[in-house]
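Geometric and topological summary
Chain by chain, the residues:
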Amino acid sequence: TPVNGMSFHYYCGKAGHAVDFSKSEWYELLQKAERMEELIERHYAIVKGHSMEERLRLVVDEWGCWHPEGSGPRDAVVAAITLNIFNNHCDKVQMANVAQLCNNLHSLFLTQRENCIATPNYYVYAMFRHHQGATAIRTIVEDNDPLDRRVSASASVKDGILTLTLANYSCEEAVEAEPELFGAEWSGEATASVLAGECMNAHNTFEAPEQVVTKELRVSPSHHVVIPPSGVVMMRAGLKESSRE
């Protein structure tokens, strides 16, 4: 029987309550999220071992955080890290989706009778939608220490617009980023959105549904951006016509 995809599931195990956790539990969960890269590489090695890489791709049809109690910035950063990993391995991953959409693991929405609110995960998906149907661009984060990651990143180009998504691993310190292009030039100003709460435990509730939402971010002419603690940033900028040929 022809096989077109290899499916595997991966959830980050519990590391504290969904919205009530310590700093050490913040980093513990993000470290677990980062394991997705290893899993993709190991599973695709099986595909290559059977010489099926020409037609068989990976399907990560369940992933996310394993706690149903709610969702905050930590889940959003986990989502951003994971989606960046998928983008950077789009030659291997054919499909990836969150299995539970509402009132469950890694939800995008929470409902209560007639009320419905969006979780921080929803806003990450809204930011990352610009990558869909685009061409992936290789990203290199120069200052990342293999033992102490600072930034997760992925980039793509569509219709002459470059989209860059960044996630700050730290729940304590902001990170400055100044994207530099190789083989292309910026054209005009950049626009950016940022998702971050006032603290690492901030989260949206039915009483306060907009504690963690996306906001417009000012970008300098050099496209220098500051990613706040526990923050996710999406930046978009045009490329000069000559650099797209």
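What counts, and where the lines are drawn
- Residues numbered from 1 in each chain as written.
- Predicted model: local features only at pLDDT ≥ 70, side-chain atom pairs only at ≥ 80, totals over all residues.
- Heavy atoms only, no water.
- Helix = DSSP H or I, 4+ residues; strand = E, 2+ residues; numbered from the N terminus.
- Expected span 1.5 Å × (residues − 1).
- Buried < 20%, exposed > 50% of the residue type's maximum accessible area, 1.4 Å probe, protein only.
- Contact = heavy atoms within 4.5 Å.
- Salt bridge = Lys/Arg side-chain N within 4 Å of Asp/Glu carboxyl O.
- Polar contact = N/O pair within 3.5 Å; in protein donor to acceptor, adjacent residues only side chain to side chain.
- Arc of directions from axis to C-beta.
- Pairing = 2+ DSSP bridges.
- Axes fitted to C-alpha atoms, helices over the stretch in contact; angles between N-to-C directions.
- Phe/Tyr/Trp six-rings, centres within 6.5 Å; stacked < 30°, edge-to-face > 60°.
- Parallel < 35°, antiparallel > 145°, perpendicular 65-115°, else oblique.
- Left-handed = near helix turned anticlockwise from the far one by under 90°.
- Nonpolar A, V, L, I, M, F, W, Y, C, P; charged D, E, K, R; others polar.

What about helix 1 (residues 23-49)?
Since the α-helix turns once every 3.6 residues, residues separated by three or four places project in the same direction. For helix 1, spanning 27 residues, the distance from its first C-alpha to its last is 40 Å, which sits close to the expected 39 Å at 1.5 Å a residue. Of the residues making up helix 1, those classed as buried are Trp26, Leu29, Leu30, Ala33, Met36, Leu39, Ile40, Tyr44 and Val47. Lining the buried residues of helix 1 we find strand 1 (5-12), strand 2 (57-65), helix 2 (73-88) and strand 3 (93-96).

Looking at the pattern of salt bridges
A full pass over the atoms with the stated rule returns 6 salt bridges. Note that glutamate 38 is salt-bridged to arginine 42, the shortest N-O span being 3.1 Å. In this pair, glutamate 38 and arginine 42 both sit in helix 1, 4 residues apart, roughly one turn of the helix. Assessed through its relative accessible area of 34%, glutamate 38 is described here as partly exposed. One continuous salt-bridge network, built from bridges that share partners, spans Arg35, Glu38 and Arg42.

Looking at the side chain of glutamine 100
Looking at the element boundaries, glutamine 100 is found in the loop between strand 3 and strand 4 (109-112). For glutamine 100, the side chain forms a polar contact with the side chain of tyrosine 11, separated by 3.3 Å. With near-sequence residues (within four places) excluded, glutamine 100 lies in contact with Tyr11, Glu62, Leu105, His106 and Ser107.

Observations regarding helix 3 (residues 120-128)
Those residues of helix 3 lying buried are Pro120, Asn121, Tyr123, Val124, Met127 and Phe128. Mapping the buried residues of helix 3 onto a view down its axis gives an arc of 160°, with all of them on the same face.

Comments concerning the sheet that holds strand 7 (residues 151-158)
Strands pair in a sheet through their backbones, by hydrogen bonds, and they do so in one of two ways: parallel or antiparallel. An order of 6-7-8-13-10-11 is seen for the 6 strands of this open sheet, with the pairing classed as antiparallel. Among the strands making up the open sheet, the edge pair consists of strand 6 (135-137) and strand 11 (214-217). Ignoring which end each strand starts from, the neighbouring axes of this sheet average 25° apart. Of the pairings in the sheet, the one linking strand 7 to strand 8 (residues 161-168) comprises 8 bridges and is antiparallel in character. Bridging from a neighbouring strand, alanine 155 pairs with leucine 164 of strand 8. Across the face of the sheet, helix 3 comes into contact with strand 7, strand 8, strand 10 (186-195), strand 11 and strand 13 (232-239) while running at roughly 165° to strand 10.

Describing the environment of valine 141
Relative to the helices and strands, valine 141 resides in the loop between strand 6 and strand 7. Ignoring anything within four residues of it in the chain, the contact list for valine 141 reads Val151 and Ala153.

Quick word on the packing of aromatic side chains
Counted under the stated rule, the structure contains 5 aromatic pairs. For the pair phenylalanine 109 and tyrosine 122, a centre-to-centre distance of 5.3 Å together with 45° between the ring planes defines the contact as tilted. With phenylalanine 109 in strand 4 and tyrosine 122 in helix 3, the pair connects residues that are 13 residues apart, well separated along the chain. Classification of tyrosine 122 as partly exposed rests on a relative accessible area of 31%. Ring centres of tyrosine 122 and tyrosine 123 lie 5.1 Å apart, and the angle between their planes is 80°; this geometry places the pair in the edge-to-face category. For tyrosine 123, a relative accessible area of 16% puts it in the buried group.

With respect to the sheet that holds strand 1
Here 3 strands make up an open sheet; going across it, the order is 1-2-3 and the pairing parallel. The open sheet has two edge strands, strand 1 and strand 3, and neither has a second partner. Taking each pair of neighbouring strands and ignoring which way they run, the sheet shows an average axis angle of 25°. Sheet contacts for helix 1: strand 1, strand 2 and strand 3; angle to strand 1, the most-contacted strand, approximately 165°.

Describing the packing of helix 2 against helix 3
Helix packing geometry: the angle between the two helix axes and the distance between the axes. Two elements in contact, helix 2 and helix 3, have axes whose closest approach is 8 Å; the angle formed by their N-to-C orientations is 30°. Considering the angle they form, helix 2 stands roughly parallel to helix 3. The crossing of helix 2 and helix 3 is right-handed. Contacts between helix 2 and helix 3 involve Pro73, Asp75, Ala76, Ala79, Ala80, Leu83, Asn84 and Asn87 on the former and, on the latter, Pro120, Asn121, Val124, Tyr125 and Phe128. When its residues are assigned to classes, the contact of helix 2 with helix 3 shows 9 nonpolar, 3 polar and 1 charged.

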